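Structural overview
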Amino acid sequence: MTSFPHDTAGEPDPLRALDLERLRRRTSMKWRTYPEDVLPLWVAEMDVPLAPPVVRAVTDALALGDTGYPAGTAYAEALAAFAARRWHWDGITMDRTAIVPDVMLGVVEMIKLVTDAGDPVIVNPPVYPPFFLFITHMDRRVVEAPLGADLRLDLAALEDAFREATARGGRAAYLLCSPHNPTGTVHTAAELTAVAELAERHGVRVVADEIHAPLTAPGTPFVPYLSLPAAARGLSLMSASKGWNLPGLKAALALAGPGAAADLARMPEEVGHGASHVAIIAHTAALRAATGWLDALRTGIRDNRLLLADLLAEHLPAVRVHPGEATYLAWLDCRALGLGDDPAQVFLDRGRVALSAGLPFGTGGAGHARLNLATSPKILTEAVDRMAAALK
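How each quantity is defined
Residues numbered from 1 in each chain as written. Predicted model: local features only at pLDDT ≥ 70, side-chain atom pairs only at ≥ 80, totals over all residues. Heavy atoms only, no water. Helix = DSSP H or I, 4+ residues; strand = E, 2+ residues; numbered from the N terminus. Rg over C-alpha atoms; globule rule 2.2 N^0.38 Å. Buried < 20%, exposed > 50% of the residue type's maximum accessible area, 1.4 Å probe, protein only. Lys, Arg positive; Asp, Glu negative; His and termini not counted. Charge placed at Lys NZ, Arg CZ, Asp CG, Glu CD. Pairing = 2+ DSSP bridges. Axes fitted to C-alpha atoms, helices over the stretch in contact; angles between N-to-C directions. Contact = heavy atoms within 4.5 Å. Parallel < 35°, antiparallel > 145°, perpendicular 65-115°, else oblique. Left-handed = near helix turned anticlockwise from the far one by under 90°. Polar contact = N/O pair within 3.5 Å; in protein donor to acceptor, adjacent residues only side chain to side chain. UniProt positions renumbered as here; feature names shortened; annotations may be inferred. Phe/Tyr/Trp six-rings, centres within 6.5 Å; stacked < 30°, edge-to-face > 60°. Expected span 1.5 Å × (residues − 1). Arc of directions from axis to C-beta. Salt bridge = Lys/Arg side-chain N within 4 Å of Asp/Glu carboxyl O.

Our focus in this paragraph is the overall build of the protein. A count of helices and strands for the protein gives 13 helices and 13 strands. A compact globule built from 392 residues would reach a C-alpha radius of gyration of about 21 Å, and the protein, at 20 Å, matches this within 12%. Taken along the three principal axes of its C-alpha coordinates, the protein extends 60 × 55 × 45 Å. Among the 392 residues that make up the protein, the fraction classed as buried is 58%. Computing the positive centroid from 36 side-chain charges and the negative centroid from 44, the protein places the two 2 Å apart.

As structure tokens, then:
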């Protein structure tokens, strides 16, 4: 039997640490976009205190005045050690890594390496809305290969999209979301191997956004795309941002498979200048010293996912929730409520609960909403109560 490291010993659930009064003192997007009477369960920020090793690393750096420009491979070394222990993958080598400002800006640079202006980029909607925004902003063309009815990769649809994208002989890329946002789907080794083989057959380059990789449910394995022999020409982006709630500390890592090393080497040096030295210190500390905190969080997210299912069954039985295996997001199918294409707007207007609207996630998003589970059970319970009250 495969074992999955889990380091919760002695660590409290960070989702239970902060009350609403303290959270409302925050000045980030989650807490300043809506009025104070709104419960914000939308954007991907977590209602947690930072892991103590991260706080110590950052405060030590500030006390020392260590706020200059980034240098060295400490972040990549920390990720390599984490990947070896957590995912049993020892394939991260320093010469096939590069610092990038964050995952989505890294995605942009990777896609620029393997496609040209006007080329197609395949995505699997419903999917993280910035995929559409960044692809079109860099003058590429979105080609959709929607998820199947089970919200897993539809390999037949993907092959059709690959065939369409390369029919005119140009270059094409596939932006893979793994684990998938918003559904929380964790792709299996068999699925990812099939993806890699299809990509090779059709000459499509795969760029994997693996930012949610640390956030699988306890006991659920994550398979790094580049760990697969068939994915040698793949590119990946990873970060401690989502797992440890560090989106305001900008840093990520671009990774290349053995067959893509030359592509990564062509990335302009100045791309790496956008990352913050203090952020790299924070991310490195998270990966090296805060895995117990992470696993306590993962357990708390699992418990909240179960709580949400119970609350919906009791108060909103017509809402179907996809049983995600990763992320701290829940994908809600609200179509049976008869609220139209944008139920999130109804819950906001009538219930004062902010969810992410489903429409920006592309095909399959109408009638859906995304709920952020990374909050306290008390706030989650109040949010569902408000959502139910909104329909009365």
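From this point, things continue past the structure.
Strands in a sheet are paired, the pairing made by backbone hydrogen bonds, and the direction either parallel or antiparallel. Strand order in this open sheet of seven strands is S2-S8-S7-S6-S5-S3-S4, and the pairing throughout is mixed. The open sheet has two edge strands with one neighbour each: strand S2 (97-100) and strand S4 (141-144). Across the sheet, the mean angle from the axis of one strand to that of its neighbour is 25 degrees, orientation sign disregarded. Note that strand S3 (residues 120-123) and strand S5 (residues 172-177) share two bridges and pair parallel. Its bridge partner lying in S5, isoleucine 122 is registered against tyrosine 174. On top of the sheet, helix H6 (residues 130-137) reaches S3, S4, S5 and strand S6 (204-209); it is set at about 140 degrees to S4, its chief contact.

Contact geometry for helix H11 (residues 291-315) and helix H13 (residues 377-389): axes closest at 10 Å, N-to-C directions at 25 degrees. The angle between H11 and H13 places the two elements in the roughly parallel class. As H11 packs across H13, the resulting crossing turns out to be right-handed. On H13, the residues touching Asn304, Leu307, Leu308, Leu311, Leu312 and His315 of H11 are Pro377, Leu380, Thr381, Val384, Asp385 and Ala388.

Within the secondary structure layout, arginine 26 lies in the loop between helix H1 (20-23) and helix H2 (29-32). Owing to a relative accessible area of 24%, arginine 26 belongs among the partly exposed residues under this scheme. Remark: the alpha-carbon pair of arginine 26 and aspartate 47, spanning 21 residues in sequence, is separated by 10.0 Å. The residues contacting arginine 26, other than those within four sequence positions of it, are Leu18, Trp31, Arg32, Met46, Asp47, Val48, Pro49 and Asn245. Side-chain polar atoms of arginine 26 contact the backbone oxygen of valine 48, separated by 2.7 Å.

For the rest of this paragraph, the subject is the UniProt feature "domain: Aminotransferase class I/classII large" (unreviewed entry) in the protein. Annotation from UniProt places "domain: Aminotransferase class I/classII large" (unreviewed entry) at residues 75-386. Across residues 75-386, the secondary structure splits into 38% helix and 16% strand, with the terminal C-alpha atoms separated by 42 Å.

So, about the packing of aromatic side chains. Counting across every chain of the model gives seven aromatic pairs. One aromatic cluster is present, formed by Phe82, Trp87, Phe222 and Trp244 through successive ring pairs.

Pairing is antiparallel across the open sheet formed by four strands, whose spatial order is S9-S10-S13-S12. Of all the strands in the sheet, the pair left with one neighbour each is strand S9 (320-321) and strand S12 (356-357). By the bridge criterion, two bridges tie S12 to strand S13 (residues 368-372) in an arrangement that is antiparallel. Bridge pairing in S13 links alanine 357 to alanine 369.

What follows concerns the side chain of threonine 183. The topology assignment puts threonine 183 in the loop between S5 and helix H8 (189-202). At a separation of 2.8 Å, a polar atom in the side chain of threonine 183 contacts the side chain of threonine 185.

This part takes up helix H10 (residues 277-289). Spanning 13 residues, H10 covers 18 Å between terminal C-alpha atoms, matching the ideal 18 Å at 1.5 Å per step. Inspection of H10 places His277, Val278, Ala279, Ile280, Ile281, Ala282, His283, Thr284, Ala285, Ala286 and Leu287 among the buried residues, and these make up the whole buried set. Among the structural elements, helix H3 (52-64), helix H4 (74-87), S2 and H11 are those in contact with the buried residues of H10. Taking the backbone nitrogen of valine 278 as reference, a side-chain oxygen 3.3 Å away marks serine 276 as the first, capping residue of H10.

For H3, spanning 13 residues, the distance from its first C-alpha to its last is 18 Å, which sits close to the expected 18 Å at 1.5 Å a residue. Of the residues making up H3, those classed as buried are Pro53, Val54, Ala57, Val58 and Ala61. Down the axis of H3, the sector holding all buried residues measures 130 degrees, keeping them to one side. Those residues of H3 that are exposed and aimed more than 90 degrees away from the buried face are Asp60, Leu62 and Ala63. On the buried face of H3, the contacting elements are H10. Positive phi appears at glycine 65, one or two residues downstream of H3, with a value of about 75 degrees.

Bringing the pattern of salt bridges into the picture now. For the coordinates displayed, the defined rule picks out 18 salt bridges. Between arginine 86 and aspartate 295 there is a salt bridge, and its shortest N-O distance comes to 2.8 Å. Highlighted residues: arginine 86 in helix H4 and aspartate 295 in helix H11, separated in sequence by 209 residues. Side by side, arginine 86 and aspartate 295 carry an identical accessibility label, which is buried. Within the structure, one salt-bridge network assembled from shared partners comprises Glu159, Asp160, Arg163 and Arg201.

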